[in-house]
Each structure stands twice: as structure tokens, then as C-alpha cells.
Amino acid sequence: MRGNIAQMMQQAQKMQENLQKAQEEIAKLEVTGSAGGGMVTVTLSGTKECRKVRIDPSVLSDQEMVEDLIAAAFNDAANKIDTESQSRMGSATAGMKLPPGMKLPF
């Protein structure tokens, strides 16, 4: 029984190290979202900090449309970060599912 607990603790420690590494990698990401066929792009860091906004001058005459496109581009980038984050975190846990509400570190 003791060997199983020690083995489980080693696995948990390894998983925690993998999760921390994945979080560090995610924070270094830069992801670009776009809207309006690329008329507006927003680049976010992996922590969803806005790095860049590019707006095609042809849409600047319609303020409401520009605002909508910026929001859509931001949401596109944020969704890409969420997807990438889930993928990397899933890899870090090596497919181990944590019980609902259980967080690492223990």
C-alpha cells in the first residue's frame, strides 16, 4: 500500500511540474485573432494581454463597425488561446483526469 501512495505522489509531482511548464509556455504565446476578413486583427499574449491592434484604414469611416470588428477579433484571439491552453494542459496531465474541483498543487 505504501508503495502505491509513494508512486501516486511521484506521479502527482511530475504532473505538477508538467503543468507549470505548460503554463509558462502558454504565457509566452502570441496569438492573433481577426475579424472582417482580416480587416481588423488583434494580437494577444498567452495571458490575454493585448499586444497589437491592426485596423485596415478602409473601415475607419464606420466607427460602430470598427468597434464590433475589434471586439470580434479580440474574442477570436482569446478563443484561440483557450483552445491552445486546454490542449497544452491536457498534454501536461498526460490524459489523467482530475476529479471535479481538485486543483494542483494539492
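Residues numbered from 1 in each chain as written. Predicted model: local features only at pLDDT ≥ 70, side-chain atom pairs only at ≥ 80, totals over all residues. Heavy atoms only, no water.

In the annotation of an unreviewed UniProt entry, the protein is listed under the name Nucleoid-associated protein ABB26_03730 and assigned to Stenotrophomonas humi. The heading Function (unreviewed entry) in the UniProt record of the protein holds the text "Binds to DNA and alters its conformation. May be involved in regulation of gene expression, nucleoid organization and DNA protection." Within the UniProt record for the protein, the comment given under Sequence similarities (unreviewed entry) is "Belongs to the YbaB/EbfC family." (UniProt positions renumbered as here; feature names shortened; annotations may be inferred.)

Here the focus is the UniProt feature "coiled-coil region" (unreviewed entry) in the protein. Within the UniProt annotation, "coiled-coil region" (unreviewed entry) is assigned to residues 5–32. With 86% helix and 11% strand, residues 5–32 has its two end C-alpha atoms placed 44 Å apart. (Helix = DSSP H or I, 4+ residues; strand = E, 2+ residues; numbered from the N terminus.)

The next subject is the sheet that holds strand S1 (residues 30–35). Strand order in this open sheet of three strands is S1-S2-S3, and the pairing throughout is antiparallel. Of all strands in the sheet, those bounded by a partner on one side alone are S1 and strand S3 (50–55). The mean inter-strand angle of the sheet, taken between neighbouring strand axes irrespective of direction, is 15°. On the sheet, helix H2 (residues 63–92) packs against S1, strand S2 (40–45) and S3 and is oriented at approximately 140° with respect to S1. (Pairing = 2+ DSSP bridges. Axes fitted to C-alpha atoms, helices over the stretch in contact; angles between N-to-C directions. Contact = heavy atoms within 4.5 Å.)

Turning our attention to the pattern of salt bridges. The final tally for this structure, using the stated rule, is four salt bridges. The shortest N-O distance in the salt bridge between lysine 48 and aspartate 82 comes to 2.7 Å. Of this pair, lysine 48 sits in the loop between S2 and S3 while aspartate 82 sits in helix H2, and the two are 34 residues apart along the sequence. In this structure lysine 48 comes out as partly exposed when scored by relative accessible area, which is 34%. (Salt bridge = Lys/Arg side-chain N within 4 Å of Asp/Glu carboxyl O. Buried < 20%, exposed > 50% of the residue type's maximum accessible area, 1.4 Å probe, protein only.)

What follows covers the nonpolar core. In terms of nonpolar packing, the biggest core is built from 14 residues, with Leu44, Leu69 and Ala73 touching the most fellow members. Breaking this core down by element, the ones donating at least two residues are S1, S2 and H2. (Core = buried A, V, L, I, M, F, W, Y, C linked by side-chain atoms within 4.5 Å.)

Here the focus is H2. The terminal C-alpha atoms of H2, which comprises 30 residues, lie 43 Å apart, in line with the 44 Å expected from a rise of 1.5 Å per residue. All of the buried residues in H2 are Val66, Leu69, Ala73, Ala77, Ala78, Ile81 and Ala92. (Expected span 1.5 Å × (residues − 1).)

Regular strands have side chains that alternate between both faces of the sheet. Only one face of S1 is buried, namely the one carrying Val31, Gly33 and Ala35, since none of Glu30, Thr32 and Ser34 on the opposite face is buried. Pairing geometry for S1 and S2, over six bridges, is antiparallel. Residue pairing for S2: glycine 33 is matched across the bridge by valine 42. Following S1, the chain reverses through four residues before pairing antiparallel with S2; glycine 36 in that reversal takes a positive phi of roughly 65°.

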